[in-house]
Amino acid sequence: MGLLSEGNPLSWEETKALAEHVRQHGIEQFINLYKKLEDRTGDVLKWGDEVEYIIVKFDDEKERATVSLRAKDLLPQLQEKEVADPQNVKSLWRPEYGAYMIEGTPGKPYGGLLAHFNIVEANMQYRRAEATTILHPGEVIMSITNFPRLGCPNFTSPPNPPTPQDGVTRSLFFPDDVIFPGHPRFKTLTSNIRNRRGEKVAINIPVFRDVHTKIPVDNSSELEPNAAKPDCVYMDAMGFGMGCCCLQLTFQACCITEARTLYDQLAPLCPIMLALSAASPIYRGFLTDVDCRWNVISASVDCRTREERGLEPLKNNKFRINKSRYDSIDSYLSPENEKYNDINIVHDKELYRRLREGGIDHPLALHVSHLFIRDTVSLFSEKVHQDDENDTDHFENIQSTNWQTMRFKPPPPNSPIGWRVEFRPCEAQLTDFENAAYVCFVVLLTRVILSYHLNFVMPISKVDENMQRAQRRNACLEQKFWWRRDVGVPADLAKQNTDSTDIYSEMTINEIVNGKDGVFSGLIPLIESYLSGMDVDADTHCSVQQYLKLIQRRASGEISTMASWMRNFVTTHPQYKKDSVVSEKINYDLLKTAYGIQTGTIPAPKLLGGGNVSKTNENIPKAFITMMTYH
């Protein structure tokens with residue numbers, strides 16, 4: 001969710017009046033930070049994952065599943081160890097947007113040793129076990145991307161009615177009480193985004209049209225005819241997007257140049273990983289024609305006015321803005337990749353000029369001045385006046401509310417932390433084994449990119465195309481994606497590629513991941529080539545091979561994505577009426593089965609494959625078995 005500053009939140013009118021103040025001082029803070037740290041080198045590779053969880057409550061007697069609004073009760077207990085000894089904890093816990101959500105990360109980042117791949121899953125298991133021990137009867141922790149009946153009547157425990165006439169959300173479906181109450185930022189963001197936009201957010205996701213699907217889907221288009229589209233599932237609150245869960249990765253680079261390289265090279269991978277991790281085909285109790293959360297979140301925080309969206313002539317606003325503040329990146333950061341920035345990069349020219357005067361090079365100045373076309377949408381009275389030489393809160397205020405596929409993160413002031421990049425597209429996976437597999441796959445790709453000096457960069461317009469294709473139903477198998485043919489592979493793999501005047505080809509996920517003869521070597525073969533030259537212990541090698549096998553089989557269609565598995569479960573359920581509706585009973589059975597798979601009590605060969613199994617105590621290092629035992 002980004003920076004969580006503490007303080008007294010200002011109203012939208014107060015925040016709006018200070019928007020230019022925040023922008024101007026945020027730019028000065030970035031310039032000052034850059035001057036101090038641009039030559040910083042020698043930071044070691046560190047990386048870590050963030051997994052977001054939903055607290056689900058099962059009522060087995062009534063056969064109902066709801067979200068449990070108890071995050072505020074759980075977090076203080078989960079944070080006790082950190083408060084007592086912050087340097088020696090094995091997990092860190094943070095609030096998320098929903099009162100039913102929590103976020104867990106490792107207590108310390110992992111490093112450059114290949115052996116660290118062998119403890120990722122164990123730490124995820126530890127986090128899940130740690131949270132599970134303090135749950136009430138009937139409650140479980142699930143790393144699912146979206147609760148299928150979010151926004152349906154009585155979807156929470158305890159039940160809360162929506163308040164469409166007042167409050168911060170004014171939603172027909174999503175009650176204000178479902179927003180996490182323990183931090184003022186969440187409700188402030190919700191209210192300010194709605195006020196800045198001048199109307200409620202409008203999320204319209206195409207419904208999956210089955211034999212008996214009703215169009216319009218419900219009475220939303222009658223209640224809000226200017227916002228709801230008849231062939232779509234309509235949602236009208238920030239919580240429908242920010243109430244989703246994801247799997248994110250942050251990497252520390254050795255220097256700013258390496259961080260910019262990783263940012264650029266991972267950007268084309270974002271839509272590929274989005275499609276490969278697809279896990280959310282159901283919204284507000286309806287099967288939809290998408291498999292991913294991305295456009296839902298993008299619309300859920302779209303604070304652009306009608307002028308900025310191009311619906312009215314510019315009069316009160318400065319820019320026509322092409323995307324929501326939650327979307328894919330608009331430019332690469334390395335000077336050598338400027339030629340691939342082929343879309344209009346809307347930016348504040350005055351701020352760009354100031355950045356250039358401050359010594360910032362063109363692509364980085366363009367990036368920052370593009371982020372700073374946005375207003376602050378959350379400001380605390382205690383943070384208005386700052387020391388621009390030593391503070392960065394105004395910069396982070398804007399930076400942290402540009403939620404893009406990649407995030408370029410400068411070091412915090414006076415901190416041992418180096419230049420970092422954040423990889424943000426992946427959907428949360430059901431099991432720790434899957435989450436660990438996706439994490440290790442992406443981390444290994446960063447090692448391959450830097451070791452082999454690979455080049456995945458393509459025109460940003462093609463990455464944007466890929467982002468939309470990635471979200472379509474069954475995109476992992478049925479869509480083709482633009483991908484670079486010659487990425488500069490090592491000599492032993494280059495023989496697979498033929499000369500071609502076409503730098504980019506449209507390929508399937510399978511071809512990109514596993515390779516296509518004469519066209520592209522494949523991401524897994526590149527990783528295998530890299531690992532063959534490394535000294536990998538047998539235990540780590542076994543773990544990594546299991547993870548790569550899962551990715552290979554998902555890409556090829558031998559096993560399904562979570563989205564496809566969920567869709568198949570619903571459409572083959574005895575009570576499904578071919579009307580796109582996911583009823584209380586279907587939802588209960590779906591989540592009960594998913595929880596059984598998560599805990600290992602229900603086999604799921606179509607989702608995980610028969611041979612892919614989670615770590616057991618036999619192959620987890622002994623030190624970690626001790627760590628995972630929670631009393």
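Coordinates for the structure precede this section.
The rules behind these values
Residues numbered from 1 in each chain as written. Predicted model: local features only at pLDDT ≥ 70, side-chain atom pairs only at ≥ 80, totals over all residues. Heavy atoms only, no water. Helix = DSSP H or I, 4+ residues; strand = E, 2+ residues; numbered from the N terminus. Rg over C-alpha atoms; globule rule 2.2 N^0.38 Å. Buried < 20%, exposed > 50% of the residue type's maximum accessible area, 1.4 Å probe, protein only. Contact = heavy atoms within 4.5 Å. Areas by Shrake-Rupley, 256 points an atom, 1.4 Å probe, with all protein chains shown as cover. Lys, Arg positive; Asp, Glu negative; His and termini not counted. Charge placed at Lys NZ, Arg CZ, Asp CG, Glu CD. Axes fitted to C-alpha atoms, helices over the stretch in contact; angles between N-to-C directions. Parallel < 35°, antiparallel > 145°, perpendicular 65-115°, else oblique. Left-handed = near helix turned anticlockwise from the far one by under 90°. Nonpolar A, V, L, I, M, F, W, Y, C, P; charged D, E, K, R; others polar. Phe/Tyr/Trp six-rings, centres within 6.5 Å; stacked < 30°, edge-to-face > 60°. Lys NZ or Arg CZ within 6 Å of the ring centre and 35° of its normal. Core = buried A, V, L, I, M, F, W, Y, C linked by side-chain atoms within 4.5 Å.

Scanning the chain from N- to C-terminus turns up 25 helices and 17 strands. Compactness check: the chain gives a C-alpha radius of gyration of 24 Å against a globular reference of 25 Å for 631 residues, within 12% of the reference. Counting only C-alpha atoms and orienting by the principal axes, one finds that the chain spans roughly 60 × 60 × 55 Å. By residue count, 63% of the 631 residues in the chain fall in the buried class. Sequence separation of 24 or more characterises 76% of the internal contacts of the chain that already satisfy a separation of 6 or more. Carbon and sulfur atoms make up 50% of the accessible area of the chain, which amounts to about 23,600 Å² in all. If the 71 positive side-chain charges of the chain are averaged to one point and the 82 negative ones to another, these points end up 3 Å apart.

Here the focus is the packing of helix 15 (residues 432–452) against helix 20 (residues 523–532). Helix 20 packs onto helix 15 with a crossing angle of 70° between their chain directions and a minimal axis gap of 10 Å. In this view, helix 15 runs roughly perpendicular relative to helix 20, as classed from their interaxial angle. Relative to helix 20, helix 15 is oriented so that their crossing is left-handed. Between helix 15 and helix 20, the residues in contact are Phe441, Leu444, Leu445, Arg447, Val448, Ser451 and Tyr452 and Leu523, Ile524, Leu526, Ile527, Ser529, Tyr530 and Leu531, respectively. Of the residues belonging to the contact of helix 15 with helix 20, the class tally is 11 nonpolar, 2 polar and 1 charged.

On to the packing of aromatic side chains. The way to describe two aromatic rings as a pair is by their centre distance and the angle between their planes. All chains considered together, the criterion is met by 22 aromatic pairs. Here the aromatic residues Phe155, Phe173, Phe174, Tyr234 and Phe240 are joined through ring pairs into a cluster of three or more. Over the aromatic face of Phe58 sits the side chain of Lys592, whose NZ or CZ is 4.7 Å from the ring centroid.

This part covers helix 16 (residues 460–470). Working note: α-helix, 3.6 residues per turn, so residues spaced by three or four point in the same direction. With 8 of 11 residues buried, helix 16 is to be regarded as a mostly interior element. Tucked inside the fold, the buried residues of helix 16 contact helix 10 (269–276), helix 11 (294–300), helix 17 (475–478), strand 16 (481–484) and strand 17 (504–507).

Generally speaking, a soluble globular protein has its nonpolar side chains buried in company with each other. Within the largest apolar cluster, 194 residues are counted, with the highest numbers of intra-cluster contacts made by Trp47, Phe251, Phe423, Phe441 and Trp483. By residue number, the principal contributor to this core is helix 15, which donates 14 residues. Among all residues touching Phe251, those that are not within four sequence positions of it are Lys46, Trp47, Leu262, Leu266, Trp419, Arg420, Val421, Phe423, Val442, Val443 and Thr446.

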